[in-house]
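Notes for the structure review
If you want the building blocks of each chain, they are given just below.
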Amino acid sequence: MSTRSGIGYDSHRLAAGRRLVLGGVELESELGLDGHSDADALSHALIDALLGAAGLGDIGEHFPDSDERYRDADSLGLLERAIELVRERGFTLVNVDATIVMERPKLGPARALIRERLAGVLGLALADVNVKASTGEGIGFVGRGEGVAVLAIATLER
Ligand code: MG
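Everything in this summary refers to the structure shown in the same document. Just so you know, these numbers come straight off a predicted model, no measurement behind them.

What to know about the environment of Ala 54
Note that Ala 54 resides in helix α1 (residues 41-54). What makes Ala 54 buried here is its relative accessible area of 9%. For the pair Ala 54 and Gly 35, spaced 19 residues apart in sequence, the C-alpha separation works out to 26 Å.

Here it is in structure tokens:
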């Protein structure tokens, strides 16, 4: 049995007229995340963590943002494709953990919904899907409310 870990990182700019979707859950917010797809930075960071742990490269190789197929794409669907790729290589997902770095809105009750949504897509128990929140403390692009960053890690066994 071998155990492997992968990290993921993503950030997106906050913009008016966009939805704020994290882990497939839409949060109530005046500003949303800008990007080619739905700009779900949590799903994107998790995809990179999964691909990284499996040695399968990164999200840009598998789902390029130059590809019109991924315009406004539901990133939870891409996460589902990523976990399929990982399973095809003989890996089992053990757990994922993520930190959302965001000034506002507060994650609040959405955190439980996000965990449930991710657990469903990833085929994990709730206890194996952890989502944390942090802020930029007024510093940098997150602190100024210009964007959202997400860090993620995934552990696989084969
Ligand atoms: Mg992204």
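Next comes the rest of the write-up.
Describing unusual backbone geometry
The linkage connecting Arg 104 with the following residue, Pro 105, adopts the cis geometry, with an omega of 0 degrees. Mapped onto the fold, Pro 105 is located in the loop between β5 (92-101) and α4 (110-122). Residue Ala 39 is not a glycine yet carries a positive backbone phi of 60 degrees. Checked against the element boundaries, Ala 39 lands in the loop between β4 (31-33) and α1. Unusually for a residue other than glycine, Glu 137 sits at a positive phi of about 50 degrees.

Considerations on the packing of helix α3 (residues 75-88) against α4
In helix packing, the relevant descriptors are the interaxial angle and the interaxial distance, both defined with respect to the helix axes. Here α3 crosses α4 at 40 degrees, and the two axes come no closer than 9 Å. In this view, α3 runs oblique relative to α4, as classed from their interaxial angle. Where α3 crosses over α4, the two elements pack in a sense that is right-handed. Facing α3, whose interface residues are Leu 76, Leu 79, Glu 80, Ile 83 and Arg 87, α4 presents Arg 117, Leu 118, Val 121 and Leu 122. For the contact of α3 with α4, the class distribution of residues is 6 nonpolar, no polar and 3 charged.

Topic: the coordination of the magnesium ion
Within the protein, the atoms that donate to the magnesium ion are Asp 10 (OD), His 12 (NE2) and His 44 (ND1), at distances of 2.2 Å. Along the chain, the residues donating to the magnesium ion fall in the pattern D-x1-H-x31-H. Residue His 12 is located in strand β1 (residues 3-16), and its partner His 44 is located in helix α1; the two are separated by 32 residues in the primary sequence. Per residue, the accessibility class of His 12 equals that of His 44, and both read buried.

Points about the sheet that holds β5
Strand order across the open sheet formed by 5 strands is β4-β1-β7-β5-β6, with mixed pairing between neighbours. Strands with a single pairing partner mark the edges of an open sheet, and in this sheet they are β4 and β6 (129-134). Pairwise comparison of adjacent strand axes, ignoring direction, gives a mean angle of 20 degrees for this sheet. Of the pairings in the sheet, the one linking β5 to strand β7 (residues 147-157) comprises 9 bridges and is antiparallel in character. Bridge pairing in β7 places Val 101 opposite Ala 149. The sheet strands contacting α1 are β1, β4, β5 and β7, and the helix crosses β1 at an angle near 155 degrees.

Conventions used here
- Residues numbered from 1 in each chain as written.
- Predicted model: local features only at pLDDT ≥ 70, side-chain atom pairs only at ≥ 80, totals over all residues.
- Heavy atoms only, no water.
- Helix = DSSP H or I, 4+ residues; strand = E, 2+ residues; numbered from the N terminus.
- Buried < 20%, exposed > 50% of the residue type's maximum accessible area, 1.4 Å probe, protein only.
- Axes fitted to C-alpha atoms, helices over the stretch in contact; angles between N-to-C directions.
- Parallel < 35°, antiparallel > 145°, perpendicular 65-115°, else oblique.
- Left-handed = near helix turned anticlockwise from the far one by under 90°.
- Contact = heavy atoms within 4.5 Å.
- Nonpolar A, V, L, I, M, F, W, Y, C, P; charged D, E, K, R; others polar.
- Donors = N, O, S within 2.8 Å, 3.2 Å for Na, K, Ca; no water.
- Pairing = 2+ DSSP bridges.

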